[in-house]
Amino acid sequence: MAGTPQVQDASDKCNVPPQVSYAVYLFDSERLVRVAKEVNGNSEDVNQHSIDDTLGFDLLTSPLMPDQEHKLRLFLVRRLHKGAIYTGTGNFSGMDFSLSENAIAPSPAICYYILLPCQHSTTLQAMICLLASTETNLEVFRPELTQFCEMLAAHIPCVKEKPLPVSASARLMTWYSICVQYVGRVLRALGSNISSLLQLAQRSGHIVGGVGVDQMLVDDTERFLEACAMSECLPPAQSPTGEVTTLQKTDRQTYVVEDVECNAYCSEWTRHLLDLGHNSEPWRLRRVLEAFKLKTIKDMNMLKRLLKQSEMDHYSLYRAYSFLWQSGNSDVLLRQAKLEGTSAPDIIAALEEHFRYIGAECAPATV
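Please read all numbers here as calculations on a predicted model, not as lab measurements.

Caption draft 1: Structural detail: the overall build of the chain. A count of helical and extended segments in the chain gives 14 helices and 8 strands. Put simply, the chain has 367 residues, and 50% of those count as buried. Within the chain, residue pairs in contact and separated by at least 24 positions form 70% of the contacts whose partners lie at least 6 positions apart. Carbon together with sulfur atoms contributes 54% to the accessible area of the chain, which is approximately 17600 Å² in total.

Encoded structure:
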C-alpha cells in the first residue's frame, strides 16, 4: 500500500478505516524566493526544477510515495507563489492523486495544510499536511485539525538534520484517530450518559479522569467538550468560567460524568447521536455536535431579545416563559442571560423562581 498507513486502534475496528497519510516540511521562505527569481514564476520551469530542498522545502517525514510527495510539494509551491497560504491559517484542497489502490474508482485525496512558525527560528516555518480520502469530509473537523497541528508544530525541530521526536511521530501517525474518530469512541464508551457531557459543554466545563479511567478516553471527552462548547461563540466577558468534573468508571463497561444532571434539551440531542450510532461516519456525528452548539447559541440570542422586550411588554415576558418551557434548556439559558447582564435582573429572577416552582426543567424539549 503506497504511502497510506491505516490508522486504526482496537476501538475503531468496527469500520474499514479510510486511507490517510501526511507530510511534514521545514519551509524556508527566503530560499523559495531565490528559486522563484531563478525560474521567473513559470509553472513549467518549477515542474522541471530539482525536487530536492531547492524548492524551499525540506521533507522531515512522510509515508507518501515519491511521485505523490512530489505532486504535493509542487502544489504547495504554486499556492505560495500565488500568495494563497497564510501563516496560522489552515486550508483544504483536493489533490490530483489518490491514496487508494482501487483502480476502478479511485477516490481523490483531500489535503489539510497549514503553515506554522518554528520555535527559535525567524526564517524557518513548519508546513504540516494531513491527507485523507474525499469521503471523510475532513472540512468538518477544521478546529480539531488546526489544534492538532499547532501542538505538533511546537515539537518540530528547526534543524532539517534533526528527526522528529518519537512522541511527535507517534501522534502524527495516528492523526486521523485523534482528530476524527474520537466522537465515535466517546459515544461508544458513554452511551446515553453522553447527555451529561452536552450539559457540561454548555457550562464551558472540563473533565478529569477518575480511578481506572483510561487517559485516552479523558482526552477524547475533552475534545468532545471543545467541539460543542459555547465559549468560542460568546464574547470573553460573557463566557462562563468552566467547572471541572470527573469521569467515573462504574464497572467494566459504563462511564458516568460525576455530579452533572442533564436537562431535556441535552437528552433530546443525545437521542440524535444515539440514532446515528458510534459506527456512523465520524463527520455525521461531528455535524450533530456543531448543530447542537449553533442551536444553543441561537436560543441564547432569542431569549436575549425577548428579555429586552419584556422590560416594556408583559406579553413578551409570557413569550419568554413559553420559549424557555419549550426549549427544555431553561437552566442554561437563564444562567447565560444573568452572566451577560443585559436584561433586568428582576425579570430573570422572576422566571427562575417560576421554573423552580413548576419544575419546568423536566419539560420535553423541542429541537
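Let us keep going from here.
Caption draft 2: Spatial organisation of the sheet that holds strand S3 (residues 91-98). In spatial order, the strands read S2-S1-S5-S4-S3; together these 5 strands make up an open sheet with antiparallel pairing. Edge positions in the sheet fall to strand S2 (57-61) and S3, since each of these pairs with one other strand and no more. Shown here is a sheet whose adjacent strand axes are inclined to one another by a mean of 30°, direction ignored. Of the strand pairs in this sheet, strand S1 (residues 20-28) and strand S5 (residues 124-133) are connected by 9 bridges, and their pairing is antiparallel. Directly across from tyrosine 22, in S5, lies its bridge partner leucine 130.

Caption draft 3: How the structure looks around helix H12 (residues 314-327). Here H12 contains 14 residues, and its C-alpha end-to-end distance of 20 Å stays within 8% of the 20 Å for a straight helix at 1.5 Å per residue. If you check which residues of H12 are buried, you get Ser316, Ala320, Leu324 and Ser327. Looking down the long axis of H12, one finds its buried residues gathered within 80° of arc, a one-sided arrangement. Residues of H12 that are exposed and point over 90 degrees away from its buried face: His314 and Tyr315. Positioned one or two residues after H12, glycine 328 has a phi angle of 70°, which is positive.

Caption draft 4: Layout of the confidence of the model for the chain. Averaged over every residue, the pLDDT of the chain is 83; residues scoring 70 or more account for 81%. Mean pLDDT in the chain bottoms out at helix H2 (residues 43-48), which sits at 48, and peaks at helix H6 (residues 175-179), which reaches 97. Taken as a whole, residues 360-364 scores under 50 in pLDDT and shows 13 contacts with residues more than four places along the chain or in a different chain.

Caption draft 5: The sheet that holds strand S7 (residues 244-249), seen in detail. Overall, mixed pairing links the 3 strands, which are arranged S6-S7-S8 in an open sheet. Only two strands of the sheet have a single neighbouring strand rather than two, namely strand S6 (206-209) and strand S8 (255-257). Strand-to-strand twist of the sheet, defined as the mean angle between neighbouring strand axes without regard to direction, takes the value 30°. With 3 bridges connecting them, S7 and S8 associate as antiparallel partners. Following the sheet pairing, leucine 247 is matched in S8 by valine 257.

Caption draft 6: Main features of the environment of threonine 254. Looking at where threonine 254 falls in the secondary structure, it is placed in the loop between S7 and S8. Separated by 66 residues in sequence, threonine 254 and arginine 188 place their C-alpha atoms 9.8 Å apart. Those residues within four positions of threonine 254 in sequence are excluded, and the remaining contacts are Asn193, Gln248 and Lys249.

Caption draft 7: Quick look at the pattern of salt bridges. Scanning the model with the defined rule gives 11 salt bridges in all. The partner of arginine 185 in a salt bridge is aspartate 220, with the nearest N and O atoms 2.8 Å apart. Of this pair, arginine 185 sits in helix H7 (residues 182-190) while aspartate 220 sits in helix H9 (residues 215-228); the two residues are 35 residues apart in sequence, bridging distant segments of the chain. Sharing partners across several salt bridges, the network here consists of Glu144, Arg286, Glu290 and Lys293.

Caption draft 8: Geometry of the environment of glutamate 135. With respect to the helices and strands, glutamate 135 occurs in the loop between S5 and helix H4 (142-153). Each residue touching glutamate 135, except ones within four places of it in the same chain, is listed here: Ser107 and Trp283. Of the polar contacts made by the side chain of glutamate 135, one reaches the side chain of serine 107; its length is 2.8 Å. Of note is the side chain of glutamate 135, whose polar atom sits 3.1 Å from the side chain of serine 133.

Caption draft 9: Quick look at the environment of histidine 206. The topology assignment puts histidine 206 in strand S6. Overall, histidine 206 belongs to the partly exposed group, its relative accessible area being 38%. Residues histidine 206 and leucine 247, spaced 41 residues apart in sequence, show a C-alpha to C-alpha distance of 10.0 Å. Discounting residues that sit within four places of it in the chain, histidine 206 has contacts with Leu200, Glu222, Leu225, Glu243, Val244 and Thr245. Polar side-chain contacts of histidine 206 include one of 3.3 Å to the side chain of glutamate 222.

Caption draft 10: How the structure looks around unusual backbone geometry. In this structure, serine 204 takes a positive phi of about 55° despite not being glycine. Serine 204 sits in the buried class, given a relative accessible area of 10%.

Caption draft 11: Looking closely at the packing of helix H10 (residues 264-276) against helix H11 (residues 282-310). Contact geometry for H10 and H11: axes closest at 10 Å, N-to-C directions at 160°. By the angle class used here, H10 and H11 are roughly antiparallel. Note on packing geometry: the crossing formed by H10 with H11 is right-handed. Between H10 and H11, the contacting residues are Tyr265, Cys266, Trp269, His272, Leu273 and Leu276 on the first element and Arg284, Leu285, Val288, Leu289, Ala291, Phe292, Lys295, Thr296 and Asp299 on the second. The residue makeup of the contact of H10 with H11, split by class, is 10 nonpolar, 2 polar and 3 charged.

Procedures and definitions
- Residues numbered from 1 in each chain as written.
- Predicted model: local features only at pLDDT ≥ 70, side-chain atom pairs only at ≥ 80, totals over all residues.
- Heavy atoms only, no water.
- Helix = DSSP H or I, 4+ residues; strand = E, 2+ residues; numbered from the N terminus.
- Buried < 20%, exposed > 50% of the residue type's maximum accessible area, 1.4 Å probe, protein only.
- Contact = heavy atoms within 4.5 Å.
- Areas by Shrake-Rupley, 256 points an atom, 1.4 Å probe, with all protein chains shown as cover.
- Pairing = 2+ DSSP bridges.
- Axes fitted to C-alpha atoms, helices over the stretch in contact; angles between N-to-C directions.
- Expected span 1.5 Å × (residues − 1).
- Arc of directions from axis to C-beta.
- pLDDT = per-residue confidence, 0-100.
- Salt bridge = Lys/Arg side-chain N within 4 Å of Asp/Glu carboxyl O.
- Polar contact = N/O pair within 3.5 Å; in protein donor to acceptor, adjacent residues only side chain to side chain.
- Parallel < 35°, antiparallel > 145°, perpendicular 65-115°, else oblique.
- Left-handed = near helix turned anticlockwise from the far one by under 90°.
- Nonpolar A, V, L, I, M, F, W, Y, C, P; charged D, E, K, R; others polar.

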